[in-house]
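# Descriptive analysis of the structure
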Amino acid sequence: MEATPNLLNTRLYEDLSQLARDHKKAYKHNAPFPFIVFQDFFDPDFLNKVLAEFPDLAGKKQTMSFANTNERKTITKGESLFGECTKALVHYLNSEDMLDFLQELTGIERQLIPDPYFVGGGYHETKRGGYLKIHVDFNKNINTNLDRRVNLLVFLNKDWEEAYGGHFELWDRDMKNCVQKILPVFNSVVVFSTTDYSYHGHPEPLNCPEDRTRQSLAMYYYSNGRPEAEINPRLEVHNTVFAARNGVRN
């Protein structure tokens, strides 16, 4: 499997097959559930072009906005708002090379299927004061009825300071402890397994300047069936399920 030199940062990630083999053990054993973070994953010049294409999502027909007690954000529907470089990126992330990489990394061998319709995926944007409370993701694709197995997030936030917040948080399955907090800095990629117990989000209101927003690309991957250990029998087929944090009013 060969990397695509005009997309990936080949100085660090020239051989995706080896990268997956080198990190699959860490991915599997990372707490609170399987995940990994890669810094400077894409060619920075290319990703700068992707960032330059990120549109103002406010008021666009091809978006969905959420404003309630659990989430305050905007996401795109489909790929109609993607620019040329963004389309090249997401199509690569849905390609055979990337599927091979993710399957080796996660251990979900020869099973992963991308979503060309970007159901719930694509551009995600949160403005000052926005948030996404801790949750587990919807578990079935509404178009294909396939099981959601892996998320890949590409963060696009340059010069993002700790004080701005927006940390991507991973919580244990009892919702007692935040085990990981990841700053959503430019060109960082998070891959994690999605199950009925993989609680995550960015629950605190964003504290960035008014002229800044938290921007990312979200990609989801599916399979036909999943291990029983990943299923909460009380949930069955479900949409996003939000959960209260221990000691915090959610």
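We now turn to the structure provided with this report. (Residues numbered from 1 in each chain as written. Predicted model: local features only at pLDDT ≥ 70, side-chain atom pairs only at ≥ 80, totals over all residues. Heavy atoms only, no water.)

## Comments concerning the pattern of salt bridges
As a reminder of what qualifies: What counts as a salt bridge is simple: a side-chain nitrogen of Lys or Arg found within 4 Å of a carboxyl oxygen of Asp or Glu. Helix numbers and strand numbers start at the N terminus; a helix is a DSSP run of H or I with at least 4 residues, a strand a run of E with at least 2.
In total, this model carries eight salt bridges according to the counting rule given. For Asp 100, the salt bridge identified is with Arg 110, shortest N-O distance 2.9 Å. Separated by 10 residues along the polypeptide, Asp 100 in helix H4 (residues 96–106) and Arg 110 in the loop between H4 and strand S4 (113–114) bring together distant segments of the chain. Connected through salt bridges with shared partners, the residues Arg 149, Arg 226 and Glu 230 form a single ionic network.

## With respect to the packing of aromatic side chains
Geometrically, a pair of aromatic rings is defined through the distance of the ring centres and the angle of the planes. Here is the rule we go by: Working definition: a ring pair exists when centres of Phe, Tyr or Trp rings (six-membered ring for Trp) sit within 6.5 Å. Plane angles under 30 degrees give stacked, over 60 give edge-to-face, the rest tilted. With a 1.4 Å probe rolled over the protein chains alone, any residue whose accessible area is under 20% of its type maximum counts as buried; one over 50% counts as exposed, and the rest are partly exposed. Should the NZ of a Lys or the CZ of an Arg lie within 6 Å of a ring centre and within 35 degrees of the ring normal, that charge is described as sitting over the ring.
Per the counting criterion, the structure on display carries 14 aromatic pairs. Centre to centre, the rings of Phe 41 and Phe 101 are 6.2 Å apart; their planes meet at 35°, and the pair counts as tilted. A residue pair is termed long-range when its members are at least 10 positions apart, and Phe 41 in the loop between strand S1 (35–39) and helix H2 (44–53) and Phe 101 in helix H4 qualify at 60 residues. Grouping residues by exposure puts Phe 41 and Phe 101 together as buried. On the numbers, 6.4 Å between centres and 55° between planes, the contact of Phe 155 with Phe 168 is tilted. Pair noted here: Phe 155 is in strand S7 (residues 147–155) and Phe 168 is in strand S8 (residues 168–171), with a separation of 13 residues, a long-range link. What makes Phe 155 buried here is its relative accessible area of 2%. A connected cluster of aromatic rings, assembled from ring pairs, spans Tyr 13, Phe 38, Phe 41, Phe 42 and Phe 101. Over the face of the ring belonging to Tyr 220 we find Arg 148, whose NZ or CZ atom lies 3.6 Å from the ring centre. Over the ring of Phe 186 we find Lys 158, and its NZ or CZ is 5.1 Å from the ring centre.

## Quick look at the environment of Arg 173
Spelled out, the test is: Whether two residues are in contact is decided by their heavy atoms: any pair within 4.5 Å suffices.
Relative to the elements of secondary structure, Arg 173 occurs in the loop between S8 and strand S9 (178–182). In this structure, the C-alpha to C-alpha distance between Arg 173 and Tyr 199, residues 26 residues apart in sequence, is 6.6 Å. Apart from the residues within four sequence positions on either side, Arg 173 is in contact with Tyr 197 and Tyr 199.

## Concerning the pairing of S8
Inclusion rule: At least two DSSP bridges between two strands are needed for those strands to be called paired.
Taking every second residue as pointing to the same face, both faces of S8 are buried, with Phe 168 and Leu 170 on one and Glu 169 and Trp 171 on the other. For S8 and S9, the ladder comprises four bridges, and the chain directions are antiparallel. From the neighbouring strand, Glu 169 faces S9, where its bridge partner is Lys 181. Two successive antiparallel strands, S8 and S9, enclose a turn made up of six residues, where Met 175 displays a positive phi of approximately 55°. Judged from the three bridges that link them, S8 and strand S11 (residues 199–202) form a sheet pairing that is antiparallel. Pairing of Glu 169 across the sheet is with Gly 201, part of S11.

Any link to function would need more than the numbers given here.
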